[in-house]
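Remarks on the overall topology
If you want the building blocks of each chain, they are given just below.
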Amino acid sequence: MINSNDIPQGWTIAKFEDLLDYIQPTNYIVKSTEYKDTYKTPVLTAGKSFIKGYTNETDGIFNSLPTIIFDDFTTATQFVNFPFKVKSSAMKILQPTCDLVNIKLVYYLMQIQNIKGETHKRFWISEYSQLPVPLPPLNEQKKLIDKIEEHFIILDKGIESLITTQKQLKIYRESVMKWAFEGRLTNSLMNEVKLGEHCNLITKGASPKWQGFNYINDATQLLFVTSENVRENYIDVSEPKYLSLGFNNIQKRSILQKEDVLFNLVGASIGRAAIFNLDKISNINQAVAIIRLKKSISNKYLSHFLNAEVAKQKYLGKVVDVARANLSLTDIANMDIPLPMDNNDQDRIVKEIESRLSVCDKIEETIENNLLQAEALRLSIIKKAFEGKLVPQNPSDEHAEKLLERIRAAKGAINKMKTKKYNHV
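Note that the structure is a prediction, hence the values are computed from the model and not measured.

Another point: the sheet that holds strand E11 (residues 199-202). Taking strand neighbours across the sheet as the criterion, the four strands line up as E11-E19-E16-E17 in an open arrangement whose pairing is antiparallel. Each end of this open sheet is capped by a strand with a single partner; those strands are E11 and strand E17 (273-275). In this sheet, neighbouring strand axes are inclined to one another by 25 degrees on average, regardless of whether the strands run parallel or antiparallel. By the bridge criterion, four bridges tie strand E16 (residues 261-264) to strand E19 (residues 288-293) in an arrangement that is antiparallel. Paired with Asn264 across the bridge in E19 is Val288. Running over the sheet, helix H5 (residues 299-307) touches E16, E17 and E19 and is turned about 160 degrees from E17.

The buried count for strand E8 (residues 91-96) comes to five of six residues, which makes it a mostly enclosed element. Sheet analysis places strand E2 (residues 20-23) next to E8, joined by four bridges and oriented antiparallel. Counterpart to Ile23 in the pairing with E8 is Ile93.

Residue Pro66 is bonded to the preceding Leu65 through a cis peptide linkage, with omega at -5 degrees. One non-glycine residue with positive phi stands out, namely Asn187, at about 55 degrees. Turning to its location among the elements, Asn187 is positioned in the loop between helix H3 (138-181) and strand E10 (190-194).

We now examine H3. For H3, with 44 residues, the first-to-last C-alpha span of 65 Å sits near the 64 Å given by 1.5 Å per residue. Backbone geometry just downstream of H3 places Gly183 in the positive-phi region, at approximately 85 degrees.

Quick notes on the rules
Residues numbered from 1 in each chain as written. Predicted model: local features only at pLDDT ≥ 70, side-chain atom pairs only at ≥ 80, totals over all residues. Heavy atoms only, no water. Pairing = 2+ DSSP bridges. Helix = DSSP H or I, 4+ residues; strand = E, 2+ residues; numbered from the N terminus. Axes fitted to C-alpha atoms, helices over the stretch in contact; angles between N-to-C directions. Contact = heavy atoms within 4.5 Å. Buried < 20%, exposed > 50% of the residue type's maximum accessible area, 1.4 Å probe, protein only. Expected span 1.5 Å × (residues − 1).

In C-alpha cells:
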C-alpha cells in the first residue's frame, strides 16, 4: 500500500478505477475458431499467446483504440492499438475514463502491480480497480513515457541480438550433427546400414488393466516410463509415475535394462531418443520403443543420431497419422544409419559432438539468463519511472491532485450522461 510519503513531490495517489473504465467483451467474442493467417482481424487473449489466430468475421470488431485487454482471472494485460475480436468472456476491455487519462501511462503502471491472479476469481471489479497507484502531473507524464520507451528501444536491440544468436546456435547445432554423421568431424569413412540388423526392437503389447499410477517410490513399485519421460538424450523423471511390480510380471519382455536406447513412437514427441541408465526396475508404455543394441553400434552414437535433424528427415517421412502421428517397429528397423567403417570412430564422433554441443549449451544458458535479466530490467525501468527517478520533477508543474480532480469530475459527468441516456431509452 503506497502513501503520500512514497511518491515524488507534486504527484498524487489515484486508483485504477479513476483512470480506467471497463467494457465487457460479450459483443466482440469471435463466433468461429476456424482461423486462417490470410484473414484480416486478429483474435486476442490477454495472456502470453496474445494473438490466437485471425478471423474473417466483419461484425463485432473492437476499434476504440488504443485500449488495454485484461485477463480477469490471471490479471495479465496487453496494450492494443489495432482493431480486434476476442476469444472469450474471461477478460475486461479497459478504456480511459476521460481524455485527460494517458492510457499508455496506465498500462505501464499495471506492469508493476504485484497482485496475483487465481482460478475462478474475477479480479478487476473486486480488487484490481481499487489498487492505489502514483499519478504524476500531466506535463511530466509525456516526458516519463518518452524516457521509458527510449530505454526500451536500447533494451529491445539487445534482446534482438540475443535472439539472433539463439537462431545461429540452432543452425550451428544442426550443422555439427550433419558433419558428424557424414564423418567430416573425424575424417571417417562412413557406410549406411539398416538399424534393425544391429539391434533388437521391443515394444509393450496391449497394456493390462491397472488401478492407476502411484507416486511413491519404494521396493514394491515399478517406474513406468512414458514418452513424456523420454527427452532428447536424457530421461526426465522429475514427475515420475509408478505401478505395482505385478505389472512387470505380465510384460516381462519390456522390462528396461541399463544402456537401452528408448525411442518415442507416437505423438508430438515422436523421434525423441535417450539412453536408460536408472537403477529403478522400470517398464514402458506403447508409445516408447526399446532399442537394445548389439556391440556393433554405440548407444551414445545412436542416441545422438536419432535426435539429429539428419535422422528426423529419414523417419518423419514414415510417420502415419491416424488418430495421432506414429511409427512402427518396421519403420525403425528399416532406418538407414551411417556408421564409420572403423568402429572405434563412433566414440570419437560422440566426443566431437558432445564437446561442441557443450559449448553451445553454455552459450545458450548465458543467453537465457540475459533474456530473463532483460525482462527484469524492463520492469525495473518502469518501477524507477513511477518512483520519480527516471525524469526530474518540475516544481512549476500543476500538482497532480488538480489533474485527478478534473479526471474524477469528467468521469462523473460521463457516467451521468450514460445513466440519463439509459433511463431515457
